[in-house]
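These are the residues of each chain, in order.
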Amino acid sequence: QKEVEQDPGPLSVPEGAIVSLNCTYSNSAFQYFMWYRQYSRKGPELLMYTYSSGNKEDGRFTAQVDKSSKYISLFIRDSQPSDSATYLCAMSAAIGSQGNLIFGKGTKLSVKP
Amino acid sequence: ETGVTQTPRHLVMGMTNKKSLKCEQHLGHNAMYWYKQSAKKPLELMFVYNFKEQTENNSVPSRFSPECPNSSHLFLHLHTLQPEDSALYLCASSDTGAAQPQHFGDGTRLSIL
């Protein structure tokens, strides 16, 4: 079983839709959870950073962590064509070498006007 | 200049060539990273440097040789590469300590002939 599972998509939605992106993981030691957005021909940029369980909201973006289910989500409200990108989840146990970030494969999102 | 800058953006080289990738960060961070990004695979951590000292070598073949002369600069020296080494090579930096958010450059797209 891979440490982090992420559906690669591609996911295509109409403008204005609510988008739900998800990752599951197997390592119960993970405590820090991040979402990165990567546009074509660019490096990943940090979108959301959360610690432990709960929700975090930033504008149209909401990150949710459910540690009991080992499941994290990123919701995008009122999606825009500029949200078209690949979204990478990443997580860390923050303990020694387990402190390194473990990434999912990324989900490619396309928002159609 | 701000952020993390990588040069060159594209590199085509033969299997017997020697070349170097360069990364420079202007964020005041003390940790720097090399990642390999291949299609349909998660980001693979290659090397980690903290305060110029290598703290992680993720079983990377010796044909990849990192160098970190100071906390702002990171190099990846390449020699005798294989076709399967063709990928996007990303540099990142962060504050020291586990699970710190990492800031990425836009990568070097490497093609091995």
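Structure shown above.
Everything quoted here is computed from the prediction, not taken from an experiment.

Secondary structure assignment for chain A yields zero helices and 11 strands. Overall, chain A shows an N-to-C arrangement of helices and strands of β-β-β-β-β-β-β-β-β-β-β. For chain A, the C-alpha radius of gyration of 14 Å lies close to 13 Å, the compact-globule estimate for 113 residues. Oriented by its inertia axes, the alpha-carbon framework of chain A measures out at about 45 × 30 × 25 Å. Buried residues in chain A amount to 42% of all 113 residues. For chain A, the exposed surface amounts to about 5,400 Å²; the carbon and sulfur share of it is 47%. Between the centroid of the 12 positive side chains of chain A and the centroid of its 10 negative side chains there is a distance of 6 Å.

A tally of regular secondary structure across chain B gives zero helices and 11 strands. Of the regular secondary structure in chain B, the N- to C-terminal order runs β-β-β-β-β-β-β-β-β-β-β. The C-alpha radius of gyration computed for chain B amounts to 13 Å, which stays within 12% of the reference 13 Å derived for 113 residues, consistent with globular compactness. Along the first, second and third principal axes, the C-alpha set of chain B runs to 35 × 30 × 30 Å.

Attention now moves to the pairing of strand β1 (residues 4-7) of chain B. All names here are of chain B. Where burial is concerned, the two faces of β1 differ: the one with V4 and Q6 is buried and the one with T5 and T7 is not. Summarising the sheet, β1 and strand β3 (residues 18-25) pair through four bridges and their orientation is antiparallel. Residue Q6 lies in a different strand from β3, and its bridge partner there is C23.

Tallying each qualifying case throughout the model produces six salt bridges over all chains. A salt bridge links K42 of chain A to D106 of chain B, with the shortest nitrogen-to-oxygen separation between them at 3.3 Å. Note that K42 of chain A is positioned in the loop between β4 (32-38) and β5 (45-51) and D106 of chain B in the loop between β10 (103-104) and β11 (108-112), a pairing that runs across two chains. The partly exposed category is assigned to K42 of chain A, whose relative accessible area is 39%. Of the charged contacts in the structure, one is a salt bridge between R63 of chain B and D85 of chain B, with a shortest N-O distance of 2.7 Å. With R63 of chain B in the loop between β6 (53-57) and β7 (64-70) and D85 of chain B in the loop between β8 (73-79) and β9 (87-94), this residue pair connects regions lying 22 residues apart in the sequence. The exposure classification of R63 of chain B matches that of D85 of chain B, with both residues buried.

Right, let's talk about the interface of chain A and chain B for a bit. With 21 residues of chain A at the contact, the number on the chain B side is 20 residues. Approximately 1,500 Å² of surface area, both sides summed, lies buried where chain A meets chain B, with 58% of it carried by carbon and sulfur atoms. For the pair chain A and chain B, the number of links is six residue pairs in polar contact (both at pLDDT 80 or more). The dominant element in the side of chain A that touches chain B, judged by the number of residues it contributes, is β4 of chain A, at four residues.

Each value, and the rule that gives it
- Residue indices begin from 1 for each chain and proceed along its sequence in written order.
- Starting at A for chains and at 1 for ligands, labels are handed out in the order in which the entities are written.
- Given that this is a predicted model, residues contribute local features only at a pLDDT of at least 70 and side-chain atom pairs are listed and counted only at 80 or more, while totals for whole chains, interfaces and linings are drawn from all residues.
- Calculated side-chain values reflect all of the structure's heavy atoms, with hydrogen atoms and water omitted.
- Helix numbering and strand numbering both begin at the N terminus, where a helix is a DSSP run of H or I of at least 4 residues and a strand a DSSP run of E of at least 2.
- Here the radius of gyration uses the C-alpha set of atoms, whereas the globule reference equals 2.2 Å times the residue count to the power 0.38.
- Buried residues are those whose accessible area, probed at 1.4 Å on protein chains only, stays under 20% of the maximum for their type, while exposed residues exceed 50% and partly exposed ones sit between those limits.
- Surface exposure here means Shrake-Rupley accessible area, sampled with a 1.4 Å probe, where a residue is shielded only by the protein chains that are shown.
- Positive charges come from Lys and Arg alone, negative charges from Asp and Glu alone, with His and the N- and C-terminal ends not counted.
- Lysine's charge is taken at NZ, arginine's at CZ, aspartate's at CG and glutamate's at CD.
- Strands qualify as paired when DSSP identifies two bridges or more between them.
- Salt bridges, as used here, are contacts in which a Lys or Arg side-chain nitrogen is within 4 Å of a carboxyl oxygen on Asp or Glu.
- Contacts are assigned to residue pairs that have any heavy atoms within 4.5 Å of one another.
- Here the quantity called buried area is the accessible surface, traced with a 1.4 Å probe, that two parts lose on coming together, added over both.
- In protein, a polar contact means a hydrogen-donor-capable atom and an acceptor-capable atom, both N or O and within 3.5 Å, with residues adjacent in sequence counting only if both atoms are side-chain atoms; elsewhere, any N or O pair within 3.5 Å suffices.

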